[in-house]
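# Structural description and commentary
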Amino acid sequence: MNSKRKSRSRSPRRPARHALGAVAAVAALGLTLVACGDNGSGARDEGKSKTASKTPSTGTKVLWLGDSIAGAEAPALGAALKASGVEFKDSSSDGGGTVVDSGEKITQMISGDSWMRLAKDIESFRPTVVAYQITTYDWGSRDQQRAAYEKVVDTAKDAGADVVFVPSPPIKIDGFYKQHEAQMRTAPKVAAEVAGKSGGAATFLDASKVWGTDATAKQALRAPDGIHNCQQGAAAFAKWFSGELGKQQSFTPAPVDSWAQKSWTGDERYGKLRCAA
């Protein structure tokens, strides 16, 4: 989605002093993520090295959809999947990304843009998997949420792609989200129901196995804003997601040490999130 539009972005307002050098150890993975000094687009550029180019293709192509939370996960996810021979396109959107039209002006605008983007991405990228992380803008009634998720499944199915729904991690509910908290709770439940009734066209992967359900818990791995994640959270999610997707799509995930210390750790978004150096 075009980040120039005027809807409210959930990205932090205060930029970090500098891009990250060394990053905190990922206890769950047993290794340290080290930034390589590259402040580029992370997941969008990852995989262009000689090592990545030698990785045999699995034939799987993942289109990654969601809001800025998905965007903060994308650098690590792209690195992990590309190291596994999976093509990856990050089409997440800061300040939006939802496919649900709740009837409110903001979601009408965001969802309209999301559907146009999805059509273009399917045409140009031709994914075999459309992975949609439930956004913090997936407001609306259960019926509105269901209609949107069923449309995602039908759209992907027509393009010959599978759908994977993933709930967003637990986040700090601030004043912006408070009025939509109940709707945000129903969204993943509805997505799971849609996947369950899809006849195998869609799958729901419960990411609470990674994050837990408490945004303040250590396991949630939130950035200082309580909403996004830093590098270690992104790495933990990428390890889990690539493993689950590998089971589903019949490919073997690359070892963590083959992708965890790549240039994605220096993605500029982590500096803006004030992730610890």
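Relevant structure appears above.
Let me begin by describing the structure that accompanies this report. (Residues numbered from 1 in each chain as written. Predicted model: local features only at pLDDT ≥ 70, side-chain atom pairs only at ≥ 80, totals over all residues. Heavy atoms only, no water.)

Summed over the entire model, instances satisfying the criterion amount to one disulfide. Between the sulfur of Cys-230 and that of Cys-275 lies a disulfide, 2.1 Å long from S to S. Here Cys-230 and Cys-275 share a disulfide; its torsion about the S-S bond, -95 degrees, makes the bridge left-handed. Taken together, the residues span a long stretch of sequence, with Cys-230 in the loop between helix 7 (208-211) and helix 8 (231-249) and Cys-275 in the segment after helix 9 (268-272) at a distance of 45 residues. The two residues Cys-230 and Cys-275 agree in class, both being buried. (Disulfide = S-S within 2.5 Å. Helix = DSSP H or I, 4+ residues; strand = E, 2+ residues; numbered from the N terminus. Buried < 20%, exposed > 50% of the residue type's maximum accessible area, 1.4 Å probe, protein only.)

Before going further, it helps to spend a moment on unusual backbone geometry. In this structure, Arg-126 is a non-glycine residue whose phi angle is positive, near 50 degrees. By the element assignment, Arg-126 lies in the loop between helix 3 (105-125) and strand 5 (129-133). The exposure class assigned to Arg-126 is exposed, which follows from its relative accessible area of 54%. Positive phi, normally seen in glycine, also occurs at Leu-221, with a value near 55 degrees.

Contact geometry for helix 2 (residues 68-83) and helix 8: axes closest at 8 Å, N-to-C directions at 45 degrees. With respect to their mutual orientation, helix 2 and helix 8 come out oblique. Crossing of helix 2 over helix 8 shows right-handed handedness. Residues Ala-72, Glu-73, Ala-76, Leu-77, Ala-80 and Leu-81 of helix 2 pack against Ala-234, Ala-235, Phe-237, Ala-238, Phe-241, Ser-242 and Leu-245 of helix 8. For the contact of helix 2 with helix 8, a count of residues per class yields eleven nonpolar, one polar and one charged. (Axes fitted to C-alpha atoms, helices over the stretch in contact; angles between N-to-C directions. Parallel < 35°, antiparallel > 145°, perpendicular 65-115°, else oblique. Left-handed = near helix turned anticlockwise from the far one by under 90°. Contact = heavy atoms within 4.5 Å. Nonpolar A, V, L, I, M, F, W, Y, C, P; charged D, E, K, R; others polar.)

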